[in-house]
Amino acid sequence: YSRLKGKTAFITGASSGIGQATAFEFARHGANVILTARRKDRLQELETQICDEFPSSIVHSAQLDVQDRAAVFRVVEELPAELKDVDILLNNAGLVIGLDPLSTVSPEAVHTMLQTNVVGLINVTQAILPIFLARNRGHVINLGSIAGREAYANGSVYCGTKHFVNAATQSLRIELMSTGVRVTEVQPGMVETEFSVVRFSGDKDRADKVYEGMEPLSAGDIADTILYAASRPDNVVIAEMLVMPTAQGTATVAHRGG
Ligand code: NDP
Ligand code: 8X3
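Predicted, not measured: the structure shown is a model, and the values here were computed from it.

Parameters at a glance
Residues numbered from 1 in each chain as written. Chains lettered and ligands numbered in written order. Predicted model: local features only at pLDDT ≥ 70, side-chain atom pairs only at ≥ 80, totals over all residues. Heavy atoms only, no water. Core = buried A, V, L, I, M, F, W, Y, C linked by side-chain atoms within 4.5 Å. Buried < 20%, exposed > 50% of the residue type's maximum accessible area, 1.4 Å probe, protein only. Helix = DSSP H or I, 4+ residues; strand = E, 2+ residues; numbered from the N terminus. Contact = heavy atoms within 4.5 Å. Near = heavy atom within 4 Å. Polar contact = N/O pair within 3.5 Å; in protein donor to acceptor, adjacent residues only side chain to side chain. Nonpolar A, V, L, I, M, F, W, Y, C, P; charged D, E, K, R; others polar. Phe/Tyr/Trp six-rings, centres within 6.5 Å; stacked < 30°, edge-to-face > 60°. Lys NZ or Arg CZ within 6 Å of the ring centre and 35° of its normal. Pairing = 2+ DSSP bridges. Right-handed = clockwise from strand over helix to strand, strands pointing away. Expected span 1.5 Å × (residues − 1). Axes fitted to C-alpha atoms, helices over the stretch in contact; angles between N-to-C directions.

### Overview of the nonpolar core
Then, number 1: Within the largest apolar cluster, 33 residues are counted, with the highest numbers of intra-cluster contacts made by I11, F26, V33, L35, I50, I222 and I226.
Then, number 2: Contributing elements (two or more residues each) for this core: β1 (8-12), α1 (17-28), β2 (32-37), α2 (40-53), β4 (88-91), β5 (138-143) and α8 (219-230).
Then, number 3: Non-local contacts of I11, meaning those with residues more than four positions away in its chain, are made with G19, T22, A23, F26, V33, I34, L35, T36 and L90.
Then, number 4: Grouped together as the second largest cluster of nonpolar side chains are 24 residues, F10, A62, V75 and L89 included.

### Some thoughts on the site of ligand 1
Then, number 1: Around ligand 1 there are 29 residues in total, and S15, S16, R38, Y158 and T193 lie nearest to it.
Then, number 2: At 3.0 Å, a backbone N or O of V66 approaches a nitrogen atom of ligand 1.
Then, number 3: Measuring from an oxygen atom of ligand 1, one finds a side-chain N or O atom of Y158 at 2.7 Å.
Then, number 4: Sorting the residues of the shell around ligand 1 by element identifies α1 and α5 (156-175) as the ones contributing at least two each.
Then, number 5: Looking at the shell around ligand 1, its residues break down into 12 nonpolar, 12 polar and 5 charged.

### Structural notes on the packing of aromatic side chains
Then, number 1: As enumerated under the stated definition, the model contains 2 aromatic pairs in all.
Then, number 2: For the pair F24 and F54, a centre-to-centre distance of 6.4 Å together with 75° between the ring planes defines the contact as edge-to-face. Of this pair, F24 sits in helix α1 while F54 sits in the loop between α2 and β3 (59-63), and the two are 30 residues apart along the sequence. For the residue pair F24 and F54, the accessibility class agrees, reading buried in each case.
Then, number 3: Taking the ring centre of Y228 as reference, the NZ or CZ of R232 above it sits at 3.9 Å.

### What to know about the pairing of β5
Then, number 1: Among the 6 residues that make up β5, 6 are buried, leaving the element largely enclosed by the rest of the structure.
Then, number 2: Residues G138, V140 and N142 line one face of β5 and the alternating positions H139, I141 and L143 line the opposite face, and both faces are buried.
Then, number 3: Of the strand pairs in this sheet, β4 and β5 are connected by 4 bridges, and their pairing is parallel. Bridge pairing links L90 to I141 in β5.
Then, number 4: Note that the unit made of β4, helix α4 (residues 107-135) and β5 has a crossover that is right-handed.

### Quick notes on α1
Then, number 1: Between its first and last C-alpha atoms α1 spans 17 Å; for 12 residues at 1.5 Å apiece the expected length is 16 Å, and the two agree.
Then, number 2: Burial analysis of α1 places 10 of its 12 residues in the buried class, which makes it a mostly covered element.
Then, number 3: Listed in full, the buried residues belonging to α1 are G17, I18, G19, A21, T22, A23, F24, E25, F26 and A27.
Then, number 4: Trailing α1 by a residue or two, G30 shows a phi angle of about 90°, which is positive.

### Section: the sheet that holds strand β6 (residues 181-188)
Then, number 1: Across the sheet, which stays open at both edges, the 7 strands sit in the order β3-β2-β1-β4-β5-β6-β7 with parallel pairing between neighbours. The outermost strands of the open sheet, each flanked by one partner alone, are β3 and β7 (240-243). Here the strands of the sheet are splayed against their neighbours by 15° on average, with no regard to which way each runs.
Then, number 2: In this structure, β1 lies alongside β4, joined through 3 bridges in parallel fashion. Within β4, the residue paired with I11 across the bridge is L90.

### Considering the side chain of T161
Then, number 1: Along the chain, T161 falls in helix α5.
Then, number 2: Of note is the side chain of T161, whose polar atom sits 3.1 Å from the side chain of N117.
Then, number 3: Of note is the side chain of T161, whose polar atom sits 2.7 Å from the backbone oxygen of Y158.
Then, number 4: Not counting chain neighbours up to four residues away, the residues in contact with T161 comprise M113, L114, N117 and V118.

Just distances and angles here, no functional claims.
Shown next, in the form of structure tokens:
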């Protein structure tokens, strides 16, 4: 994908899973990468690995909690000179907490999911968009989900946040259609990352059960999809992509047992 050569990608949630895999793929195809997430140690490790493997790629990492609006604007303001002209924003940071009915989901879980998946995405988008609009080009790529197309029992808040991502992606695409800025949403089905471990507060056995007896997507499978969307010619926007494991039928139905 030679169109990514020399481009600069700003990635949220780069310390794990889809964000991390996409950072590698962008660098492999000649892009410079800005790695952001809350876990600074992970980012530094990743920065070293990418620099070693792809020495022609410029890599910068910054600790960032997308919920903290002031910090988001500060990180963008303080980007190194050679990385200020961001070309691609990957709004990937996101999480689910628990699997609880609406009647009992805790206010803390509600707050964290909304502040991260909804407000965080708005914060980062508002901080980066002026860079795109000043140059009349750029690409916003949002991580939606199959949970943004369907709702399932015990997932109301997470599904709601991903329905928001779908609405925001559509609104933004229309708002920007007179500019050269492109807006894409990638909607994964089941991807085995730290997602379910985070969902179940570190209970790895419970997380493993989610993918038992079937082959889920890997973070690399979604990175591949993002790479495809990011590398189309300027006149082409991949508006939405729903990507599931072959053995998945709906958000809650998968074929298990081979
Ligand atoms: P991971 O848990 O592996 O990665 C999530 C990333 O988000 C981590 O790097 C984490 O880093 C970061 N993150 C979480 N909260 C914040 C925050 N407040 N500020 C900055 N970064 C944050 O999960 P995935 O890679 O699977 O998830 C990536 C995206 O894909 C999410 O938006 C998720 O909703 C979506 N998705 C995932 C699916 C799946 O089945 N895995 C399916 C559909 C969509 P840190 O903790 O260091 O901040
Ligand atoms: C993650 C997909 O439906 O497993 O966005 O919660 S789901």
